[in-house]
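Structural overview for review
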Amino acid sequence: MKPISLRDLLILLLVVNGWAFNVIAMKFGLMELPPLFMLTLRFVLVAVLLLPFHRLTWRQLPGMMLLGFTFGFVHFGLMVIGMQTTDAGTTAVFIQMGTPIAMLLATIWLKERLHYRQIMGVMVAFFGVMILAGSPALTHWQSIMWLLISACGWACSTVLIKRLPPIAPLAMTGWLSLFAIPMVGVSSLLTEQHQLTLLLAAGWRGWLGVIYSALGSSILAYSLWYGLLKRYPASQILPWSLLSPALALLMGVAILHESLDHSKVIGTLLIVGGILLAVVQGTVMKKKLLA
């Protein structure tokens, strides 16, 4: 296993910081725009920028439509709903639970075996969820439920991708965004109000949530991430992604002035540590999907 070069290390740090700030940017966006409407705008922007450069075959079509639901609607849709009443750091940590959930699903759907080290890591991560859920900063149990279901959507999408025909990562990003637009858009029309009025009145916060999540996270950060995965083994790169929720937690405190209590710190350490224990030398998670 070759060591990571200084250039690629800097790229790696840029990526994980970019993912962490994405949660902050989305929290800013939610200050001025309804969550599902903001997400619809993000998907539209991603689809417009990526689809002209990526074609889809008939064989790939059913899988992309399904990912539009599991990843675009369930994962991202429920994530932005849960974010409304949850702080940025907690959101980032809960979403990471998609990794151990995907490992459990892979044992059922893909018949992949979990080693004792991985089982222990998953148990530690779930114990961290229980502690984090008891944080005084979390006053809405519904938010915890939405975020955990969102993580399940990420896990289902990850396992699903292993069963689908091969497709370029950015092509997948663009096409699943397109297929998610009707589902998220209709949900916004049915459950939210005054979308156009709020969009016209939106300032830099609202547009930051849309533009950064589309360009900075979905396109730029993941382009760099996929490049790193081509140059290094996934087992060498994947653990670095666990810096993202910890950085988001710190950014939430520094930028959004969110609280930092003992339950949040201990729960975060257990979740991140448990996932790290599970993924190091693991065989299930070979790539990180979108975020």
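Residues numbered from 1 in each chain as written. Predicted model: local features only at pLDDT ≥ 70, side-chain atom pairs only at ≥ 80, totals over all residues. Heavy atoms only, no water.

So, the pattern of salt bridges
Formally: Just to be clear on terms, a salt bridge is a Lys or Arg side-chain nitrogen sitting within 4 Å of an Asp or Glu carboxyl oxygen. Each residue's exposure class comes from its accessible area (1.4 Å probe, protein chains only) as a fraction of the maximum for that residue type: buried when under 20%, exposed when over 50%, partly exposed otherwise.
Enumeration over the complete set of coordinates arrives at one salt bridge. Note that Arg7 and Asp8 form a salt bridge whose closest N and O atoms lie 3.1 Å from each other. Judged by its relative accessible area of 55%, Arg7 falls in the exposed class.

A short note on the packing of aromatic side chains
The line we're drawing: Classification of ring pairs rests on two measures: the distance between centres of Phe, Tyr or Trp rings, Trp counted by its six-membered ring, which must be within 6.5 Å, and the angle between planes, read as stacked under 30 degrees, edge-to-face over 60 and tilted in between. Put simply, DSSP marks the helices as runs of H or I at least four residues long and the strands as runs of E at least two long, and each gets a number from the N terminus on.
Counted according to the given criterion, the structure contains eight aromatic pairs. Taking the centre distance of 5.9 Å and the plane angle of 80 degrees together, the rings of Phe43 and Phe76 count as edge-to-face. With Phe43 in helix α2 (residues 35–50) and Phe76 in helix α3 (residues 61–83), this pair connects stretches of sequence that are 33 residues apart. Each member of the pair, Phe43 as well as Phe76, carries the same accessibility label: buried.

Looking at a nonpolar patch on the surface
Defined as follows: Here a patch means residues that are over 30% exposed by relative accessible area and free of salt bridges, tied together within 9 Å if like-charged and within 5 Å if nonpolar (Val, Leu, Ile, Met, Phe, Trp, Tyr). Here the accessible surface of atoms and residues is derived via Shrake-Rupley with a 1.4 Å probe, and residues count as covered only by protein chains that are part of the display.
Judged by side-chain polarity, Leu6, Leu10, Leu13 and Leu243 come together as a nonpolar surface patch covering roughly 370 Å² of accessible area. Here Leu13 lies in helix α1 (residues 6–30). A relative accessible area of 32% means that Leu13 is categorised as partly exposed.

Details of helix α7 (residues 141–161)
Let me state the cut-off plainly: Helices are assigned an expected span. That span is 1.5 Å times one less than the residue count.
With 21 residues, α7 should reach 30 Å at 1.5 Å per residue; the first-to-last C-alpha distance of 31 Å fits that figure. What α7 keeps buried is the set Ser143, Ile144, Leu147, Ser150, Ala151, Gly153, Trp154, Ala155, Ser157, Thr158, Val159 and Leu160.

Considering α2
So the rule is basically this: In this analysis, two residues are considered to be in contact whenever any of their non-hydrogen atoms come within 4.5 Å of each other.
Here α2 contains 16 residues, and its C-alpha end-to-end distance of 23 Å stays within 8% of the 22 Å for a straight helix at 1.5 Å per residue. Regarding α2, the residues found buried are Pro35, Leu36, Phe37, Met38, Leu39, Thr40, Arg42, Phe43, Val46, Ala47 and Leu50. Packing partners of the buried residues in α2 comprise α1, α3, α8 (169–191), α9 (195–201) and α10 (204–231).

A closer look at the state of the cysteines
Keep this limit in mind: In plain terms, two cysteine sulfur atoms within 2.5 Å form what is called a disulfide here.
Counting across every chain of the model gives zero disulfides. In this model Cys152 remains outside any disulfide bridge; the closest cysteine sulfur is found in Cys156, 6.5 Å from its own. Judged by its relative accessible area of 24%, Cys156 falls in the partly exposed class.

Quick notes on the packing of α1 against helix α4 (residues 88–95)
Defined as follows: Helix axes use the C-alpha atoms of the stretch in contact, all axes being lines fitted to C-alpha atoms, and the angles between their N-to-C directions lie in the range 0 to 180 degrees. Any angle that is under 35 degrees is reported as roughly parallel, and any over 145 degrees as roughly antiparallel; angles of 65 to 115 degrees are reported as roughly perpendicular and all others as oblique. Two helices crossing with the near one rotated counterclockwise from the far one by less than a right angle form a left-handed crossing, whereas a clockwise rotation gives a right-handed crossing. Note on residue categories: nonpolar means Ala, Val, Leu, Ile, Met, Phe, Trp, Tyr, Cys or Pro, charged means Asp, Glu, Lys or Arg, and polar means any other residue, Gly included.
Two elements in contact, α1 and α4, have axes whose closest approach is 9 Å; the angle formed by their N-to-C orientations is 125 degrees. In terms of orientation, α1 and α4 fall into the oblique class. As for the relative orientation of α1 and α4, their crossing is right-handed in sense. Contacts between α1 and α4 pair Val23, Ile24 and Lys27 from the former with Ala88, Thr91 and Ala92 from the latter. Of the residues that constitute the contact of α1 with α4, the class distribution is four nonpolar, one polar and one charged.

Here we look at the packing of α3 against α8
At a minimum axis distance of 8 Å, the contact between α3 and α8 shows a crossing angle of 55 degrees. Judged by the inter-axis angle, α3 sits oblique to α8. The handedness of the crossing between α3 and α8 comes out as right-handed. Of the residues in α8, those in contact with Leu61, Met64, Met65, Leu67, Gly68, Phe69, Phe71, Gly72 and Phe73 of α3 are Met172, Trp175, Leu176, Phe179, Ala180, Met183, Val184 and Ser187.

Looking at the confidence of the model for the protein
In plain terms, the rule: The predictor reports its confidence for every residue as pLDDT, a score running from 0 up to 100.
Of all residues in the protein, 91% have pLDDT values of 70 or greater, and the mean over the chain is 84. Model confidence for the protein, summarised as mean pLDDT per element, is weakest for helix α11 (residues 234–237) at 68 and strongest for α2 at 95. With pLDDT under 50 throughout, residues 282–291 is counted as low confidence; its partners more than four residues away or in other chains account for 47 contacts.

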